[in-house]
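# Architecture at a glance
Residue strings, one per chain:
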Amino acid sequence: MAHWGYMTTNGPSTWGKDFPIANGERQSPIDIVTTAAEYDSDVLGSNALSTNYTPESEVKLVNNGHSIMCQITKKGVLTGGPLGKDEYRLEQFHLHWGAEDNRGSEHTVDGKMYASELHLVHWNASKYSSFADAVQKPDGLAVLGIFITPGVACNQFKVISDNCGKLKTSGAEMTVDTTLDPTLLLPSNTSDYWTYLGSLTTPPLFESVTWIVFKEPVEYSKEQLLALRNLVDSDGNHMQDNYRPPAALKQRKVKKTFT
Ligand SMILES: NS(=O)(=O)c1ccc(C(=O)NCc2ccccc2F)cc1
Ligand SMILES: [Zn+2]
């Protein structure tokens, strides 16, 4: 099986061959049609979404061939909102981006694409014993989606963007001796978001993700975005345009927490 990727020969339009769930009922990402999203006070209003992350004392970065990923070692908890009382444990975060600023995000808002999208990946530690156990369960994962737009530099992201040059090739890993507080990667407004039931956006595309996509984007500098585009993927090409286009909404409703 040719390894999946984002080129014409192994990209999103070919994934259905090896991963038939690619055409499933709850695939991600989606285009968020803001006028169709439903404000749902009871489910969402009752208990606000809350994050309780422990800052990492060192930063473990991996070029996994299709993104740059930061592995989380400290206890970080996401709960509330659509997650109810279940506590979801932060496992890793990674990004998707374009070759240019006009594209790169996976979710779109009324057809608008952002330059990049940051994903904080969590698994349901209230119900399952590990990420691998949770990853195939319908309520196994929760991913926070943060849109990235070009602007001022994000200081907390510097440890990643400043080290991309040392993670050029696929499989490269490094540990940076500096702290990182995942809370500081979030937008200032974490009350306004869209949420819906979806999937992993890369193979194996498991339909196990409660998506929470914040309305407010975060700014990264041009240099920080360029650093991502200089990474090299598992085929030795520049890691760029590593985003899946929106999938069909099918019989789903997108909820929103703001009017
Ligand atoms: N872009 S995203 O939707 O946020 C996303 C998040 C996590 C994964 C992942 O963990 N894949 C590897 C993997 C490991 C173990 C078991 C199954 C897996 F898919 C893939 C996509
Ligand atoms: Zn992702």
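Here's a quick rundown of the structure. What you see is a predicted model, and the numbers here were worked out from it, not measured in a lab.

## A word on the pattern of salt bridges
- Tallied over the entire structure, the rule returns 10 salt bridges.
- In this structure, lysine 255 and aspartate 40 form a salt bridge, with 3.9 Å as the shortest nitrogen-oxygen distance. One end of the pair, lysine 255, is in strand β15 (residues 255-256); the other, aspartate 40, is in the loop between β2 (38-39) and α2 (41-45), with 215 residues separating them in the sequence.
- Its relative accessible area of 28% is what places lysine 255 among the partly exposed residues.
- Of the residues examined, aspartate 40 reaches a relative accessible area of 15% and is grouped as buried.
- Where lysine 137 meets aspartate 133, a salt bridge forms, and the shortest distance between an N and an O atom there is 3.0 Å.
- Looking at aspartate 133, the relative accessible area reads 28%, which means it is partly exposed.
- A single network of salt bridges, built from pairs that share partners, joins Glu100, Arg103 and Asp241.

## Considering the coordination of the zinc ion (ligand 2)
- Coordination sphere of the zinc ion (ligand 2), protein contribution only: His94 (NE2), His96 (NE2) and His119 (ND1), at 2.0 to 2.1 Å.
- Along the chain, the residues that donate to the zinc ion (ligand 2) are spaced as H-x1-H-x22-H. Here histidine 94, found in strand β7 (residues 88-97), pairs with histidine 119, found in strand β9 (residues 116-124); they are 25 residues apart in sequence, far enough to count as distant.

## A few points about the site of ligand 1
- Ligand 1 sits among 14 residues. The nearest are His94, Phe131, Thr201, Thr202 and Pro204.
- Histidine 96 is positioned such that a nitrogen or oxygen atom in its side chain is 3.3 Å from a nitrogen atom of ligand 1.
- Between ligand 1 and threonine 201, the relevant distance is 2.8 Å, taken from a nitrogen atom to a side-chain nitrogen or oxygen of the residue.
- Out of a free accessible area of 480 Å², ligand 1 has 75% covered by protein chains.
- Those elements giving two or more residues to the shell around ligand 1 turn out to be β7 and β9.
- The dominant element in the shell around ligand 1, judged by the number of residues it contributes, is β7, at three residues.
- For the shell around ligand 1, the per-class residue count stands at eight nonpolar, six polar and no charged.

## Notes on the nonpolar core
- In terms of nonpolar packing, the biggest core is built from 43 residues, with Leu144 and Tyr220 touching the most fellow members.
- With five residues, the single largest contributor to this core is β7.
- Discounting residues that sit within four places of it in the chain, leucine 144 has contacts with Leu49, Thr51, Tyr53, Leu78, Leu118, His119, Leu120, His122, Leu186, Ile212 and Phe214.
- Judged by nonpolar contacts, the second largest core, of 21 residues, contains Tyr114, Val135, Val143 and Trp211.

Reading the values: rules and limits
- Residues numbered from 1 in each chain as written.
- Chains lettered and ligands numbered in written order.
- Predicted model: local features only at pLDDT ≥ 70, side-chain atom pairs only at ≥ 80, totals over all residues.
- Heavy atoms only, no water.
- Salt bridge = Lys/Arg side-chain N within 4 Å of Asp/Glu carboxyl O.
- Helix = DSSP H or I, 4+ residues; strand = E, 2+ residues; numbered from the N terminus.
- Buried < 20%, exposed > 50% of the residue type's maximum accessible area, 1.4 Å probe, protein only.
- Donors = N, O, S within 2.8 Å, 3.2 Å for Na, K, Ca; no water.
- Near = heavy atom within 4 Å.
- Polar contact = N/O pair within 3.5 Å; in protein donor to acceptor, adjacent residues only side chain to side chain.
- Areas by Shrake-Rupley, 256 points an atom, 1.4 Å probe, with all protein chains shown as cover.
- Nonpolar A, V, L, I, M, F, W, Y, C, P; charged D, E, K, R; others polar.
- Core = buried A, V, L, I, M, F, W, Y, C linked by side-chain atoms within 4.5 Å.
- Contact = heavy atoms within 4.5 Å.

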